[in-house]
Amino acid sequence: MSRVYNFSAGPAVLPEEVLKEAAEEMLDYRGCGMSVMEMSHRSGMFETIINEAEEDLRDLLQIPENYKVLFLQGGASQQFAMIPMNLMKNREADYIVTGQWAKKAWQEAQKYGKANKIASSEDKTFSYIPDCSDLDISPNADYVYICENNTIYGTKFRELPNTKGKTLVADVSSCFLSEPVDVSKYGVLYGGVQKNIGPAGMVISIIREDLITGDVLEGTPTMLNFKTHADAGSLYNTPNSYCIYMCGKVFKWLKNMGGLSVMKERNEKKAALLYDFLDKSHLFKGTVVPKDRSLMNVPFVTGNPELDAKFVKEAKEAGLENLKGHRSVGGMRASIYNAMPVEGVEALVAFMKKFEKENV
Ligand SMILES: *Cc1c(COP(=O)(O)O)cnc(C)c1O
């Protein structure tokens, strides 16, 4: 068996230890004679799995008592609707548009109320984070929305916006659990797990309890009401049970690694390897304003689309997979999530050096 270094933006690399453990438990989970996939979500065995997953996540992120953790389906994209449906009491919200995902969320919110775009970085193809220290926050806004790490463009909010007392809602899909976070600064933070946590098919939403009122916009389906899932402990209907189990394993893996401050150090080290090389390279260059660079998604180009394609092809032959940039931007993108080992980034940089020598 030979595994490649997988730089996919999502679904993405998972820790090898976790995959091995899951493989060992596939046919017979801890002596119960069946796989977690075949198990009732109402069984005692599964109750332990979901409870431990929540506890470990709470531990890792130091989630305050007054926040609920929901394991939901529909991906991060479903939250684009679920958030206005549950939070837009005044039918108004402010959006900071720093990439395609934030833009989609902003467009979706317009179906439910007045969604103001109060800042954007679209003028420079989303290559930076706008100054959000003194924005024109709307007096009636129910919340201020950001996408904290922009998966496609490789930018990250290093500082949260000044929301002037308004509830902050953040899509953290591609930076979830990559570093410690002060949850109390957010009203809602949520992320699709297929970027930095587990298999595709689930979103985790962490919501301050006072925002879960059940008083939702008229016509909101039961399944899209936060309260439905909060009251039922994410077991209103059949959840993505196997995904919860896999995420639970990743949470334990993260705890064993030393938790989120250790992950942050590790992620900074990995990102520095790549950015330092990009800054010196005569062939490759990063596409993002240095101060706003993401630790997770690193886009870069040669400036020549043919050379980019050659790079992606030859990298694949060398066991470095999924380096093609998002179809909307081109070039390359290396996603170096928690589960990407330092050795993977070292191998990438070594390959880039070799390619540069051969092609400059
Ligand atoms: C991938 C991604 C999404 C979309 O996730 P789905 O689970 O496919 O809906 C939304 N936001 C961000 C930041 C992402 O990276």
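Since the model is a prediction, treat every value here as computed from it, not as a measurement.

### Considerations on the sheet that holds strand β5 (residues 144-147)
Logical step 1: As summarised here, the arrangement of the seven strands in space is β2-β10-β9-β8-β5-β3-β4, forming an open sheet in which the pairing is mixed. Edge positions in the open sheet fall to β2 (67-72) and β4 (114-120), since each of these has one partner strand only. Direction aside, neighbouring strands of the sheet carry axes that sit 20° apart on average.
Logical step 2: Direction of pairing for β2 relative to strand β10 (residues 203-208): antiparallel, over a ladder of six bridges.

### Things to note about helix α3 (residues 75-87)
For an α-helix the count is 3.6 residues per turn, leaving residues at separations of three or four pointing the same way.
Logical step 1: Here α3 spans 18 Å end to end across 13 residues, near enough to the 18 Å set by a 1.5 Å rise per residue.
Logical step 2: Along α3, the helix axis deviates most sharply at A81, where the bend reaches about 30°; the proline P84 sits within four residues downstream.
Logical step 3: With respect to burial, α3 is a largely interior element, 10 of its 13 residues being buried.
Logical step 4: For α3, the full list of buried residues reads A76, Q79, F80, A81, M82, I83, P84, M85, N86 and L87.

### Regarding the pattern of salt bridges
Logical step 1: Under the counting rule described, the total for this entry stands at 24 salt bridges.
Logical step 2: Each of E52, D56, D59, K252 and K255 takes part in one network of salt bridges that share partners.

### Topic: the UniProt feature "modified residue: N6-(pyridoxal phosphate)lysine" (unreviewed entry) in the protein
Logical step 1: Mapped onto this numbering, the UniProt entry annotates "modified residue: N6-(pyridoxal phosphate)lysine" (unreviewed entry) at K195.
Logical step 2: Structurally, the position occupied by K195 is in the loop between β9 (188-192) and β10.
Logical step 3: According to the relative accessible area criterion, K195 is buried, its value standing at 11%.
Logical step 4: Sequence-distant contacts of K195, defined by excluding residues within four places in its chain, comprise A9, G10, A12, T151, S173, S174 and Y337.

### What about the packing of aromatic side chains?
Two descriptors summarise a pair of aromatic rings, namely the distance from one centre to the other and the angle between the planes of the rings.
Logical step 1: Counted by the stated rule, this structure contains 13 aromatic pairs.
Logical step 2: Plain terms: the ring middles of Y95 and Y145 are 4.7 Å apart, the flat faces sit at 25° to each other, and that makes the pair stacked. Placement of Y95 in strand β3 (residues 92-97) and of Y145 in strand β5 is noted, with a sequence separation of 50 residues between them.
Logical step 3: A residue is classified by how much of its surface remains accessible, and Y95, at 0% relative accessible area, is buried.
Logical step 4: Taken together, a centroid distance of 5.8 Å and an interplanar angle of 80° make the contact between F284 and F300 edge-to-face. Here F284 is found in the loop between α7 (260-280) and β11 (285-286), whereas its partner F300 is found in strand β12 (residues 297-301), with 16 residues between them in sequence.
Logical step 5: The rings of F277, F284, F300, F311, F351 and F355 are connected pair by pair, giving a single aromatic cluster.
Logical step 6: The residue whose ring lies beneath K124 is Y128, and the NZ or CZ to ring-centre distance is 5.8 Å.

### Side note on the UniProt feature "domain: Aminotransferase class V" (unreviewed entry) in the protein
Logical step 1: The feature "domain: Aminotransferase class V" (unreviewed entry), as annotated in UniProt, sits at residues 4-348 in this numbering.
Logical step 2: Taken end to end, residues 4-348 has its terminal C-alpha atoms 11 Å apart, with 33% of it in helix and 17% in strand.

### Observations regarding the site of the ligand
Logical step 1: Taken together, G75, A76, S77, F80, W101, C147, N149, T151, D171, S173, Q194 and K195 are the residues near the ligand.
Logical step 2: Within the side chain of T151, one N or O atom sits 2.4 Å away from an oxygen atom of the ligand.
Logical step 3: Q194 places a polar side-chain atom, nitrogen or oxygen, 2.9 Å from an oxygen atom of the ligand.
Logical step 4: Relative to its unbound accessible area of 390 Å², the ligand is 86% covered by the protein chains.
Logical step 5: The biggest single contributor to the shell around the ligand is α3, with four residues.
Logical step 6: Across the shell around the ligand, the residue classes break down as four nonpolar, six polar and two charged.

### Some remarks on empty space enclosed by the protein
Logical step 1: A complete count under the given rule lists three cavities of 30 Å³ or more for this structure.
Logical step 2: If you add up the space inside the largest cavity, you get close to 50 Å³.
Logical step 3: Every residue lining the largest cavity is listed: L61, E148, V172, C175, F176, L177, V181, Y186 and L189.
Logical step 4: For the lining of the largest cavity, the class distribution of residues is eight nonpolar, no polar and one charged.

### Quick word on unusual backbone geometry
Logical step 1: Residue P11 is bonded to the preceding G10 through a cis peptide linkage, with omega at -15°.
Logical step 2: Residue position: P11 is located in the loop between β1 (5-6) and α1 (16-24).
Logical step 3: Of note in the backbone geometry, K164 takes a positive phi value of approximately 50° without being a glycine.
Logical step 4: Position of K164 among the secondary structure elements: in the loop between β7 (155-156) and β8 (168-171).
Logical step 5: On the basis of relative accessible area, K164 is assigned to the partly exposed category, the value being 42%.

### Some details on helix α9 (residues 342-359)
Logical step 1: Counted at 1.5 Å a residue, the expected span for α9 with its 18 residues is 26 Å, and the 26 Å between its end C-alpha atoms agrees.
Logical step 2: Taken residue by residue, α9 has V342, G344, V345, L348, V349, F351, M352, F355, E356 and N359 as its buried positions.
Logical step 3: Contacts from the buried residues of α9 go to β1, α7, β12, α8 (305-317), β13 (320-321) and β14 (332-335).

Conventions and cut-offs
Residues numbered from 1 in each chain as written. Predicted model: local features only at pLDDT ≥ 70, side-chain atom pairs only at ≥ 80, totals over all residues. Heavy atoms only, no water. Pairing = 2+ DSSP bridges. Helix = DSSP H or I, 4+ residues; strand = E, 2+ residues; numbered from the N terminus. Axes fitted to C-alpha atoms, helices over the stretch in contact; angles between N-to-C directions. Expected span 1.5 Å × (residues − 1). Bend = angle between axes of the 7 residues up to and from the residue. Buried < 20%, exposed > 50% of the residue type's maximum accessible area, 1.4 Å probe, protein only. Salt bridge = Lys/Arg side-chain N within 4 Å of Asp/Glu carboxyl O. UniProt positions renumbered as here; feature names shortened; annotations may be inferred. Contact = heavy atoms within 4.5 Å. Phe/Tyr/Trp six-rings, centres within 6.5 Å; stacked < 30°, edge-to-face > 60°. Lys NZ or Arg CZ within 6 Å of the ring centre and 35° of its normal. Near = heavy atom within 4 Å. Polar contact = N/O pair within 3.5 Å; in protein donor to acceptor, adjacent residues only side chain to side chain. Areas by Shrake-Rupley, 256 points an atom, 1.4 Å probe, with all protein chains shown as cover. Nonpolar A, V, L, I, M, F, W, Y, C, P; charged D, E, K, R; others polar. 1 Å grid on protein atoms, 1.4 Å probe; cavity = no way out; pocket = protein on both sides within 12 Å on 5 of 7 lines; lining within 4 Å. Points joined across faces, edges and corners; volume = space filled by probe spheres on them.

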